[in-house]
Amino acid sequence: MRQGCGSDWAYRGDRGCGSDRAYRGNWRCRSYGPDGGNWCCGPDRAYRCDWRSGSDRAYRGNWRSGSDRAYRGNWRCGSDRASGGDRCDGCDWRGGSDRASRGDGCDGCDWRGGADRASGGDRCDGCDWRGGSDRASGATGATGATGAVGPTGATGATGATGAVGPTGPQGATGATGATGATGATGATGATGAVGPTGPAGAANINGTTNRIIKFTSATTGGNSLLFDNGTNIGFGTTTPGFPLTIVAANASRNVDITDSNANGDPLWGVNSAAAGAGSAAGIVGITNQSGALAAGTWGENPNANGIGVVGVANGIGNTTLAGGAGGAFNGLTTGVFANSDTAGTGQAIYSTQFSDVVRVGYWNGATFFKINGVGTVSTIVRDPTDPAGERWVTMHAPETPEILFEDYGEGQLEDGVAHVEIDPIFAANVLIDERHPLRVFIQLEGDEWVRGVVVKNKTATGFDVVELDGGVSNAPFQWHIVANRADEVLPSGRLSHNADMRFEVVTGILQTMAGGARSTMTSTPQGPDSALPASTMPGGTPAGLFLAPPGNASQATWLSPFLPSGGR
């Protein structure tokens, strides 16, 4: 449906009007044609998807009216001015060419004329036309589509704070807080009066000054064995020199401490001073006796797998044999230190295994031996033929009736002659002279046509090898030399005779005594075992030799001491 109104106005839909004004939607200007879904009005005005008004201005999403004014989201009427009553709303038009009042406008659904003019050629309404005196309204057209909602206006100012409401009911009582710190203790009150003295006792006590009292009957007291001088306590003495001094002549023991707990230690001796270079010991035992059971300190463990004495030093852990031992000693760099301080015959260690003797660090009065005793010097090595790689086998050192050094080397003939120089270190420690000749052994190699060689010109520093029959070959050879060890000045200053030793007779086999275990209170040493033949020791049994009975599993072997004069 198309309607036209005058020559100046057009209304939405497909209506065209005049040449000067257009309204939103699909307005077209009758005189100038459409503009791609926009509005066009007159020769000077256009609005992109929205409205434009005036000849120079456009406003996106809003309306403009007149040539000089624009209002966001609203309409303004007239060409020059608009006031509170002169504006037209997005849904309400108010007109008049020069002025309009709030009641003089025209509504989005109804147009009304100003005081001086009515629409005729100037106004048109989407639903109803009202004119001036010259024109009558046409029939009411169909209601157009509702326009887009305008943008939300700015938020108004916050209203005044309302009056405070009435006070609410009281809340539940909160949990009790933590108790505060205890206040300072008040001053001590005055001491009360002394009470009356009690009645006299009925006991009758007689004793000696400094003697600790004991009950001699139910109502009497007298001296005990303990003596207290205010500094030390004595048992069996009235002159104690230490905090606790015990003096007695008991045939068994002075102190007997027993603990029946399997994990209990009956006695500890502890020096609790800070670590330093002091001379204190945890426990000291001293005796001047030499019987089979005599010892400064005795350690015994009758258990079949027990350890008699354990020593641990340097702050390391303890290691013992699972099958037991007479002693187990542990140290960081040295497990056992043994010292013999005699200038005469002696040894650092004298050991017997089922009465068979081996000495370590042994001086026989003429020669010093690292090891001397029955048996063979041996070592053990892995057996490479064992698939599991777990088997070890024994290898033995060659031993001779003399004290010998030996060396090995190789050489080569040059035109049938060679000279071999002995290593100077070897030469300095052997004796080579007419009584102690150098033994030289030559093994030719490589040339089967060499008939042989001879050794000539042996000296303390070398020897010559010469081919037989004037041969001039250049055959290589291996050599092996043996010489007597020279006598040696030991670090102690003693001279150890080595060069002339040959099958020297064993002397100084020590007497041993076998005694019972203290746990059985056996105190009688066993005598010599005459059942063993004299030939059990090299050179026969020396005078005074006593052998521990074989098969005595609890035997204790005591050595004749070669000890320094000092001691505790």
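Residues numbered from 1 in each chain as written. Predicted model: local features only at pLDDT ≥ 70, side-chain atom pairs only at ≥ 80, totals over all residues. Heavy atoms only, no water.

A.B. asks: Run through the overall build of the chain, naming residues and quoting values.
C.D. replies: Counting its regular elements, the chain contains one helix and 31 strands. Counting the 568 residues in the chain, one finds 25% classified as buried. The long-range fraction of contacts in the chain, counting pairs at least 24 apart against all pairs at least 6 apart in sequence, stands at 36%. (Helix = DSSP H or I, 4+ residues; strand = E, 2+ residues; numbered from the N terminus. Buried < 20%, exposed > 50% of the residue type's maximum accessible area, 1.4 Å probe, protein only. Contact = heavy atoms within 4.5 Å.)

A.B. asks: How would you explain the layout of surface pockets if you had to name every residue and give the values?
C.D. replies: Think of a ball as big as a water molecule: rolled over the atoms, this probe shows where empty space is left. Quantified by volume, the second largest pocket comes out at close to 1,500 Å³. What lines the second largest pocket is a set of 41 residues, among which Phe 369, Ile 371, Glu 399, Thr 400 and Ile 403 lie closest to the centre. Taken together, the elements giving at least two residues each to the lining of the second largest pocket come down to strand E19 (356–363), strand E20 (368–373), strand E23 (404–412) and strand E29 (476–485). (1 Å grid on protein atoms, 1.4 Å probe; cavity = no way out; pocket = protein on both sides within 12 Å on 5 of 7 lines; lining within 4 Å. Points joined across faces, edges and corners; volume = space filled by probe spheres on them.)

A.B. asks: Explain a nonpolar patch on the surface residue by residue, including any values.
C.D. replies: Side chains of Ile 212, Leu 225, Leu 226, Phe 235, Leu 244, Ile 246, Val 255, Ile 257 and Leu 267 sit close together on the surface and give an oily, nonpolar patch of about 760 Å² of accessible area. Counting residues per element, the ones that place at least two in the nonpolar patch are strand E13 (220–228) and strand E15 (244–246). Tracing the sequence through the fold places Leu 225 in strand E13. (Patch = residues over 30% accessible without salt bridge, like charges linked within 9 Å, V, L, I, M, F, W, Y side chains within 5 Å. Areas by Shrake-Rupley, 256 points an atom, 1.4 Å probe, with all protein chains shown as cover. Salt bridge = Lys/Arg side-chain N within 4 Å of Asp/Glu carboxyl O.)

A.B. asks: Account for the sheet that holds strand E18 (residues 346–353), with residues named and values stated.
C.D. replies: Read from one edge to the other, the open sheet built from three strands follows the order E18-E19-E20, with strand pairing classed as antiparallel. Of all the strands in the sheet, just E18 and E20 have a single pairing partner and so form its edges. Going from strand to strand, the sheet's axes swing by 10 degrees on average, the running direction of each strand aside. Both E18 and E19 contribute to a ladder of seven bridges, which runs antiparallel. Bridge pairing links Ile 349 to Val 360 in E19. (Pairing = 2+ DSSP bridges. Axes fitted to C-alpha atoms, helices over the stretch in contact; angles between N-to-C directions.)

A.B. asks: Give a description of the packing of aromatic side chains that names residues and reports values.
C.D. replies: Applying the stated rule across the entire model yields two aromatic pairs. Summarising the aromatic geometry, the rings of Tyr 362 and Phe 369 are spaced 5.9 Å apart at their centres and angled 20 degrees between planes, so their arrangement reads as stacked. The exposure class of Tyr 362 is buried, given its relative accessible area of 3%. In this structure Phe 369 comes out as buried when scored by relative accessible area, which is 13%. Between Phe 463 and Trp 479, the aromatic rings sit 6.1 Å apart at their centres with planes inclined by 80 degrees, giving edge-to-face as the arrangement. (Phe/Tyr/Trp six-rings, centres within 6.5 Å; stacked < 30°, edge-to-face > 60°.)

A.B. asks: With reference to specific residues and values, describe the environment of Gly 344.
C.D. replies: Counting through the fold element by element, Gly 344 comes out in the loop between strand E17 (325–330) and E18. Of the residues examined, Gly 344 reaches a relative accessible area of 32% and is grouped as partly exposed. Separated by 22 residues in the primary sequence, Gly 344 and Ala 366 have C-alpha atoms spaced 9.4 Å apart. If sequence neighbours within four positions are ignored, Gly 344 has contacts with Trp 363 and Arg 494.

A.B. asks: An account of the sheet that holds strand E24 (residues 417–421) is needed here, citing residue identities and associated values.
C.D. replies: Spatially, E24-E28-E27 is the arrangement adopted by the three strands of the open sheet, whose pairing is antiparallel. The open sheet has two edge strands with one neighbour each: E24 and strand E27 (453–456). In this sheet, neighbouring strand axes are inclined to one another by 20 degrees on average, regardless of whether the strands run parallel or antiparallel.

A.B. asks: Before we move on, could you go through the pairing of E24 and cite the residues and values that matter?
C.D. replies: The two faces of E24 differ: Ala 418 and Val 420 on one face are buried, but Val 417, His 419 and Glu 421 on the other face are not. Bridge count for E24 against strand E28 (residues 462–467) is five bridges, and the pairing is antiparallel. Each bridged residue has a counterpart across the sheet, and for Glu 421 the counterpart in E28 is Gly 462.

A.B. asks: An account of the pattern of salt bridges is requested, with residue identities and associated values reported.
C.D. replies: Using the criterion set out here, one finds six salt bridges in the structure. Asp 383 is the partner of Arg 391 in a salt bridge, and the nearest nitrogen-oxygen pair spans 2.8 Å. For Asp 383, a relative accessible area of 14% corresponds to the buried category. Asp 469 is the salt-bridge partner of Arg 451, the closest N and O atoms lying 2.1 Å from each other. Taken together, the residues Arg 451 in the loop between strand E26 (439–444) and E27 and Asp 469 in the loop between E28 and E29 connect sequence positions 18 residues apart. Accessibility classification places Arg 451 together with Asp 469 in one group, the exposed group.

A.B. asks: Tell me what's going on with the nonpolar core, and back it up with residues and numbers.
C.D. replies: Counting 17 residues, the largest nonpolar core has Leu 438, Phe 463, Phe 477 and Ile 481 as the members making the most contacts within it. The dominant element in this core, judged by the number of residues it contributes, is E29, at four residues. Setting aside residues no more than four positions away along its own chain, Phe 477 makes contact with Glu 410, Gly 411, Gln 412, Leu 413, Ala 418, Val 420, Ile 442, Gln 443, Leu 444, Glu 445 and Val 465. (Core = buried A, V, L, I, M, F, W, Y, C linked by side-chain atoms within 4.5 Å.)

A.B. asks: Residue-level account of the pairing of E27, with values.
C.D. replies: Along any regular strand the residues' side chains alternate between the sheet's two faces. Examined bridge by bridge, E27 and E28 share four bridges and lie antiparallel to one another. Bridge pairing links Val 453 to Glu 467 in E28. Between the end of E27 and the start of E28, which pair antiparallel, lie five residues, with Asn 457 showing a positive phi angle near 55 degrees.

A.B. asks: Give a description of the environment of Gly 373 that names residues and reports values.
C.D. replies: With respect to the secondary-structure elements, Gly 373 resides in strand E20. For the pair formed by Gly 373 and Val 358, sequence separation is 15 residues and the distance between their alpha carbons is 4.0 Å. Apart from the residues lying within four places of it in its own chain, the contact partners of Gly 373 are Val 357 and Val 358.

A.B. asks: Could you give an account of the side chain of Ser 224, with specific residues and numbers?
C.D. replies: Along the chain, Ser 224 turns up in strand E13. One polar contact links the side chain of Ser 224 to the main-chain amide nitrogen of Leu 226, over a distance of 3.3 Å. (Polar contact = N/O pair within 3.5 Å; in protein donor to acceptor, adjacent residues only side chain to side chain.)

A.B. asks: Tell me about the confidence of the model for the chain, and name the residues and values.
C.D. replies: Overall, the predicted model of the chain reaches an average pLDDT of 74, with 66% of residues at or above 70. Predicted confidence is poor over residues 1–135, with pLDDT under 50, and the contacts of this stretch with residues over four places away or in other chains come to 292 contacts. Note on residues 521–568: pLDDT is under 50 here. Beyond four places in sequence and across chains, it has 73 contacts. (pLDDT = per-residue confidence, 0-100.)

A.B. asks: Can you lay out unusual backbone geometry for me, pointing to particular residues and giving the numbers?
C.D. replies: Positioned with a positive phi, Phe 354 is a non-glycine residue whose angle comes to about 55 degrees. Checked against the element boundaries, Phe 354 lands in the loop between E18 and E19. Taking relative accessible area as the criterion, Phe 354 reaches 47% and is therefore assigned partly exposed. We note that Ser 355 has phi near 75 degrees; this positive angle belongs to a residue other than glycine. Here Ser 355 is to be found in the loop between E18 and E19.

A.B. asks: Could you give an account of the side chain of Glu 402, with specific residues and numbers?
C.D. replies: Within the secondary structure, Glu 402 sits in the loop between strand E22 (392–396) and E23. One polar contact links Glu 402 to Asn 484, side chain to side chain, over a distance of 2.6 Å. There is a polar contact of 2.6 Å between the side chain of Glu 402 and the side chain of Arg 502. When residues no more than four places from it in sequence are discounted, the contact partners of Glu 402 are Arg 439, Asn 484, Met 501 and Arg 502.

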